[in-house]
Amino acid sequence: QVHVVESGGGVVRPGGSLRLSCVVSGNFYIIAGAAWYRQAPGQAREWVAADVSGGATNYADSAKGRFTISRDNAKNTVYLQMNSLKPEDTGIYYCKADVRRHAGRPANPYWGQGTQVTVSP
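Since the structure is predicted, the reported quantities are computational estimates derived from the model, not experimental observations.

A. The nonpolar core, seen in detail. Val-24, Trp-36, Phe-67, Leu-80, Met-82 and Tyr-93 are the most contacted members of the largest nonpolar core, which totals 27 residues. For this core, the elements supplying multiple residues, two or more each, are strand E1 (2-7), strand E3 (18-26), strand E4 (30-39), strand E5 (46-51), strand E7 (67-72), strand E8 (77-82), strand E9 (91-100) and strand E11 (115-119). When residues no more than four places from it in sequence are discounted, the contact partners of Phe-67 are Arg-38, Val-48, Tyr-59, Leu-80, Gln-81, Met-82, Asn-83, Leu-85, Asp-89 and Tyr-93.

The structure is reproduced here in structure tokens:
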């Protein structure tokens, strides 16, 4: 089994910062890649940031310059540092970990249950 658990959400004022954590646990070989998504109230889930195996990162236009995705392989943890938060950043943030359970096998996506981020005056 592979489990993905997000944490670090909360309520912040506009301009504030949060760091979300995504801990991957269970039996697996490696986290091949990861991404963060969010779902705002009444909106569809949207992609926010991706950490591609090899070190490349990509961001949605709405997050570029403010958000940073990173990974600590020793802790099997993916992070999303969010700075200069805006009310439109409000939503449930989900971590998707692309996990390779065995060496040489394809990676499969595993989703966390989400953590709420609210940006409000």
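B. Highlighting the pairing of E4. Burial runs high along E4: eight of the ten residues are buried. As defined by bridge partners, E4 adjoins E9 across nine bridges and the pair is classed as antiparallel. Of the residues in E9, the one forming a bridge with Ala-34 is Ala-97. Examined bridge by bridge, E4 and E5 share five bridges and lie antiparallel to one another. Bridge pairing in E5 links Trp-36 to Ala-49. Turn length for the E4-E5 hairpin, with the two strands adjacent in sequence and antiparallel, is six residues, and the turn residue Gly-42 shows positive phi of about 75°.

C. Here's a closer look at unusual backbone geometry. You will see that Asn-76, though not glycine, has its phi angle at about 50°, which is positive. When you line up the elements, Asn-76 lands in the loop between E7 and E8. You can call Asn-76 partly exposed: its relative accessible area is 28%.

D. Representation of the state of the cysteines within the structure. Under the criterion given, the structure shown has one disulfide. Sulfur-sulfur distance for the disulfide between Cys-22 and Cys-95 comes to 2.0 Å. The chirality of the disulfide connecting Cys-22 with Cys-95 is left-handed, given an S-S dihedral of about -80°. Of this pair, Cys-22 sits in strand E3 while Cys-95 sits in strand E9, and the two are 73 residues apart along the sequence. A relative accessible area of 0% places Cys-22 in the buried class.

Conventions adopted
In this convention, every chain numbers its residues from 1, walking through the sequence in written order. At least 70 in pLDDT is required for a residue's local features to be given in this predicted model, at least 80 for side-chain atom pairs to be given and counted, and no such filter applies to totals for whole chains, interfaces and linings, which use all residues. For side-chain calculations, the full set of non-hydrogen atoms in the structure is used, while hydrogens and water are omitted. Here, nonpolar core means buried Ala, Val, Leu, Ile, Met, Phe, Trp, Tyr and Cys residues that are tied together by side-chain atoms lying within 4.5 Å of each other. For every residue, the accessible area (1.4 Å probe, protein chains only) is compared with the maximum for its type, and the residue is labelled buried under 20%, exposed over 50%, or partly exposed between those bounds. Strands here are runs of E lasting at least two residues and helices are runs of H or I lasting at least four, both read from the DSSP assignment and numbered beginning at the N terminus. Only heavy atoms enter the contact rule, under which two residues are in contact if any of them lie within 4.5 Å. At least two bridges found by DSSP between two strands is the condition for calling them paired. Throughout, disulfides are identified as pairs of cysteine sulfur atoms within 2.5 Å of each other.

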